Amino acid sequence: MTTYKKLCEMAQQRANFFCLLDPDNLDKDSAVESAITCASNGADGLLVGGSIMLHDKFEENLKLIKENVKIPVIIFPGIFNFVSPYADALLLLSVITSRNPQMLIGEQVRAAPLIYKYNLEAIGTGYMLVESGNSTSVQYMSDSFPLPHKKTDLAVAHALAAKYLGMKLIYMDAGSGAKMPISEHMISEVKKYTELPIIIGGGINTPEIAKKIALSGADFIVTGTALEKSMDPILIRSFADAVHSVKR
Ligand code: 1GP
């Protein structure tokens, strides 16, 4: 079964919890330990990636992560230097809220030959960057203006465009370290207009927020910063339980 099909089946049952790991910031031991701690405390998948690579540790750590957990390991590429065979799939993101051609198609063209070479599963994803109350790395690195926080109609129009273009997933991101997460109203409206699975991330720092986001219709909730501060198994378990309490 493809990873995408697995994700669709998971989304039909309940809301799911993804942990975001930035392998460039981790040494070998902490990469393995973080992945195992997430997987054994209820995470349904690991997104692996970041906005920039300073230490060239991405592939080495990704391979170790993949070897040590059974849950899906999915590359979340900030830049498409992040293509590697040591993952179950890669989110082939097009930053549909951007008007920067490099983010809409340029990076994907650079990545495509490697994806082909590795026979890696690529999941075409409409990535929407939403205003978060502060500037974020993804906003800066993608040279993109985020969608205004309250402009739900614009979010719906972008999600519909992604669907009609044949994309398979929607990822709405307030950006890592966002001051405010995406509004529940925006998520529920997008959910109303498209049956595509929806991933929500950025600024989801407590299990209570995660549950609200899940209740508004998110199929996958992503947490990075809250766990980066401390890979606390109890906190991870509370996030997972809060998200899993939302059934479909
Ligand atoms: C960023 O959605 C992710 O792309 C996670 O955001 O680090 O704020 O949890 P946080």
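Rules and cut-offs
Residues numbered from 1 in each chain as written. Predicted model: local features only at pLDDT ≥ 70, side-chain atom pairs only at ≥ 80, totals over all residues. Heavy atoms only, no water. Helix = DSSP H or I, 4+ residues; strand = E, 2+ residues; numbered from the N terminus. Core = buried A, V, L, I, M, F, W, Y, C linked by side-chain atoms within 4.5 Å. Buried < 20%, exposed > 50% of the residue type's maximum accessible area, 1.4 Å probe, protein only. Contact = heavy atoms within 4.5 Å. 1 Å grid on protein atoms, 1.4 Å probe; cavity = no way out; pocket = protein on both sides within 12 Å on 5 of 7 lines; lining within 4 Å. Points joined across faces, edges and corners; volume = space filled by probe spheres on them. Phe/Tyr/Trp six-rings, centres within 6.5 Å; stacked < 30°, edge-to-face > 60°. Lys NZ or Arg CZ within 6 Å of the ring centre and 35° of its normal. Near = heavy atom within 4 Å. Polar contact = N/O pair within 3.5 Å; in protein donor to acceptor, adjacent residues only side chain to side chain. Areas by Shrake-Rupley, 256 points an atom, 1.4 Å probe, with all protein chains shown as cover. Sits in = over half its atoms within 2 Å of the grid points. Nonpolar A, V, L, I, M, F, W, Y, C, P; charged D, E, K, R; others polar. Salt bridge = Lys/Arg side-chain N within 4 Å of Asp/Glu carboxyl O. Arc of directions from axis to C-beta.

A. Quick peek at the environment of V138. Within the secondary structure layout, V138 lies in helix α5 (residues 137-142). With 36 residues separating them along the chain, V138 and A174 place their C-alpha atoms 9.2 Å apart.

B. Summary view of the nonpolar core. Grouped together as the largest cluster of nonpolar side chains are 59 residues, with contacts concentrated most on F17, L46 and M172. With 5 residues, helix α6 (residues 152-164) is the largest single contributor of residues to this core. The residues touching M172, leaving out its near neighbours within four places in the chain, are M128, A155, I182, M186, V190, I198, I199, I200 and G201. Formed by 24 residues, the second largest nonpolar core is a distinct cluster that contains I74, A89, L93 and I199.

C. Looking closely at the layout of surface pockets. The computed volume of the largest pocket comes to approximately 630 Å³. If you trace the largest pocket, you find 37 residues lining it, with G50, S51, F76, V138 and S176 closest to the centre. Looking at the lining of the largest pocket, the elements that each hand over two or more residues are β4 (89-95), α4 (101-118), α5, β6 (169-173), β8 (220-223) and α9 (225-229). No other element matches α5, which puts 4 residues into the lining of the largest pocket. Put simply, the second largest pocket is a space of about 180 Å³.

D. Layout of the packing of aromatic side chains. Tallied over the entire structure, the rule returns 6 aromatic pairs. Taking the centre distance of 4.8 Å and the plane angle of 25° together, the rings of F18 and F220 count as stacked. Separated by 202 residues along the polypeptide, F18 in strand β1 (residues 16-21) and F220 in strand β8 bring together distant segments of the chain. Given a relative accessible area of 1%, F18 falls into the buried group. Joined through ring pairs, the aromatic side chains of F76, Y127 and Y171 make up one cluster. The ring of Y86 has K63 sitting right over it, with the charged end atom 5.4 Å from the ring centre. Sitting above the plane of the Y4 ring, K168 keeps its charged end 5.1 Å from the centroid.

E. Structural context of the site of the ligand. If you check the shell around the ligand, you find 14 residues, and the closest are D173, S176, G177, G224 and T225. A distance of 2.8 Å separates an oxygen atom of the ligand from a polar backbone atom of G177. Contact with the protein chains covers 97% of the free accessible surface of the ligand, which is 300 Å². When each cavity is represented as a set of grid points, the ligand is found to reside in the largest pocket. Within the shell around the ligand, the residues separate by chemical class into 4 nonpolar, 9 polar and 1 charged.

F. Here's a closer look at the environment of N81. When you line up the elements, N81 lands in the loop between β3 (73-75) and β4. Remark: the alpha-carbon pair of N81 and E59, spanning 22 residues in sequence, is separated by 10.0 Å. Not counting residues up to four positions away in its chain, the partners in contact with N81 are M53 and R110.

G. Representation of the pattern of salt bridges within the structure. All told, the structure shown has 9 salt bridges when counted by the stated rule. Across the pair K63 and E67 runs a salt bridge, and its minimum N-O distance is 3.1 Å. Separated by 4 residues within a single helix, K63 and E67 lie in helix α3 (residues 58-68), roughly one turn from each other. By relative accessible area, which is 32% here, K63 ends up partly exposed. Take E67: its relative accessible area is 52%, and that puts it in the exposed class. Taking the shortest distance from any N to any O, the salt bridge between D88 and K66 comes out at 3.0 Å.

H. Geometry of α3. For α3, the full list of buried residues reads F58, N61, L62 and I65. For α3, the angular spread of buried residues about the axis comes to 105°, placing them on one side.

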